Amino acid sequence: MEILKFIFSREYRAKVVNAFTEEVISLCYEAEKSIFELYSQNEENIDDMEKAS
């Protein structure tokens with residue numbers, strides 16, 4: 001029964017929510033970084049194609 005009190009305690013829920021939020025922010029940052037890198041690479045490819053024509 002004590003484990004249930006711990007799991008449903010306010011402090012535990014706050015820790016879980018904070019950890020989840022940090023993970024989501026980290027994943028969003030990584031996704032944004034990847035998209036920016038792909039966009040930059042695409043721009044370079046377009047520039048190279050324009051120079052070759």
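Preceding this section is the structure that the text describes.
Residues numbered from 1 in each chain as written. Predicted model: local features only at pLDDT ≥ 70, side-chain atom pairs only at ≥ 80, totals over all residues. Heavy atoms only, no water.

1. Topic: a nonpolar patch on the surface
- There is a patch of nonpolar side chains on the surface, built from Met1, Ile3, Leu4, Phe6, Ile7, Phe8, Tyr12 and Val16 and spanning about 820 Å² of accessible area.
- Looking at the nonpolar patch, the elements with two or more residues in it are helix H1 (2-7) and helix H2 (10-52).
- For the nonpolar patch, the element with the highest residue contribution is H1, accounting for 4 residues.
- Within the fold, Met1 resides in the segment before H1.
- Residue Met1 is classed as exposed on the basis of its relative accessible area, which comes to 74%. (Patch = residues over 30% accessible without salt bridge, like charges linked within 9 Å, V, L, I, M, F, W, Y side chains within 5 Å. Areas by Shrake-Rupley, 256 points an atom, 1.4 Å probe, with all protein chains shown as cover. Salt bridge = Lys/Arg side-chain N within 4 Å of Asp/Glu carboxyl O. Helix = DSSP H or I, 4+ residues; strand = E, 2+ residues; numbered from the N terminus. Buried < 20%, exposed > 50% of the residue type's maximum accessible area, 1.4 Å probe, protein only.)

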